[in-house]
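Tertiary structure, described
In case you want the letters, here they are:
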Amino acid sequence: MSQEQWSNVDKYFVDKLVPSDPILEKVLEANAAAGLPPHDVSATQGKFLYLLTLIKGARRILEIGTLGGYSTIWFARALPADGKIVTIEVNPKHAEIARTNLCHAKIDHLVDLRTGRAIDVLPQLEAEGLSPFDLIFIDADKPSNPDYLRWAMKLAQTGTVIIGDNVVRNGAVADPESTDANVKGIQQFIEMQASSPRLSATALQTVGNKGYDGFSIAIVK
Ligand code: DHB
Ligand code: MG
């Protein structure tokens, strides 16, 4: 198996199942032009998150890690007219690009974009009465994932879906000797999901045009 094959098959699925979308293509172009890291989810993954939102019937979504808003747009498109996605971005430049992208995508009325460290913003969301959320997507700095999961569980209710991006770390997640802070953050994140009696969780490895990675998914019991 090779990256070329994964990309070819991803392209096949995109061509068949993810209709060409000038708005999302423009978003990726704008992100690249602004020098954002290419850490957006792929098109097939974005549609997967969109479908999960519809399957869940989520009305209130929390996203930790906006980047340029590509995944935010996929989520927002699955929301009902009175739905809301709160998305948190630490980098003001990224947040500014995201704000423009969300306007171009005409879903900005469904989005509450907060600029700041998630660990500071999350308590504010609770204080403002914006929880509980129906679906929470954790896709920011990986060493903080254990803190983000603790907050996600505080801001959740029975039935809330908690998704983690980038849980494979090129396979290093299974290396108990790893000293990489990203890997250790993900390992602790997975161990917390394993040991929490409030969660039922699994994880799926993925391949595609973004290489080899994976999602964790959990439901709050
Ligand atoms: C990285 C982070 C992400 O959220 C992602 O989707 C891909 C890569 C990273 O930090 O390497
Ligand atoms: Mg990610």
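Preceding this section is the structure that the text describes.
Counting starts from 1 at the beginning of each chain's written sequence and moves along it residue by residue. Ligands are numbered from 1 and chains lettered from A, in the order in which they are written. In keeping with the predicted nature of the model, local features appear solely for residues at pLDDT of at least 70, side-chain atom pairs appear and are counted solely at 80 or more, and the whole-chain, interface and lining totals rest on all residues. Think of the side-chain values as coming from all heavy atoms in the structure, minus any hydrogens and water.

Focus on the site of ligand 1
Near, as used in this document, describes a residue that has one of its heavy atoms within 4 Å of the molecule or strand being considered. For ligand 1, the full set of nearby residues is His 39, Asp 139, Lys 142, Asp 165, Asn 166 and Arg 169. Asp 139 has a polar side-chain atom sitting 2.8 Å from an oxygen atom of ligand 1. Whenever a nitrogen or oxygen atom comes within 3.5 Å of another N or O atom, the pair is scored as a polar contact, on the condition that within protein one atom can donate a hydrogen and the other can accept it, and that pairs from neighbouring residues in sequence are kept only if both atoms are in side chains. Asp 165 has a polar side-chain atom sitting 3.2 Å from an oxygen atom of ligand 1. Each accessible area is a Shrake-Rupley estimate made with a 1.4 Å probe; only the visible protein chains count as cover when residues are assessed. Within the complex, 68% of the 290 Å² of free accessible area of ligand 1 lies under protein. Each residue receives one of three labels: charged for Asp, Glu, Lys and Arg, nonpolar for Ala, Val, Leu, Ile, Met, Phe, Trp, Tyr, Cys and Pro, and polar for the others, Gly being one of them. Of the residues in the shell around ligand 1, the class split is no nonpolar, two polar and four charged.

Topic: a nonpolar patch on the surface
Patch rule: a residue counts if its relative accessible area is over 30% and it has no salt bridge; like charges are joined within 9 Å, and nonpolar side chains (Val, Leu, Ile, Met, Phe, Trp, Tyr) within 5 Å. Salt bridges are counted wherever a side-chain nitrogen of Lys or Arg sits within 4 Å of a carboxyl oxygen of Asp or Glu. A contiguous nonpolar patch, built from Val 9, Tyr 12, Phe 13 and Leu 17 and spanning about 380 Å² of accessible area, is present on the exposed surface. With respect to the helices and strands, Tyr 12 occurs in helix α1 (residues 3-17). When its relative accessible area of 46% is taken as the criterion, Tyr 12 is described as partly exposed. Labels follow the DSSP assignment, with helices taken as runs of H or I lasting at least four residues and strands as runs of E lasting at least two, numbered in each case from the N terminus. Accessibility here uses a 1.4 Å probe with only protein chains present; expressed as a share of the type maximum, an area under 20% marks a residue as buried, one over 50% as exposed, and anything in between as partly exposed.

A closer look at the pairing of strand β1 (residues 60-64)
A regular strand places its side chains on the two faces of the sheet in alternate fashion. Most of β1 sits inside the fold, with four of its five residues counted as buried. Strand pairing is assigned whenever DSSP detects at least two bridges linking the two strands. Examined bridge by bridge, β1 and strand β2 (residues 84-89) share five bridges and lie parallel to one another. Its bridge partner being in β2, Glu 63 is matched across the sheet by Thr 87. In this fold, β1 hands off to helix α4 (residues 70-77), which returns the chain to β2; that crossover is right-handed. With four bridges connecting them, β1 and strand β4 (residues 135-138) associate as parallel partners. Crossovers are marked right-handed if the path from the first strand over the helix to the second runs clockwise, as seen with the strands pointing away from the viewer.

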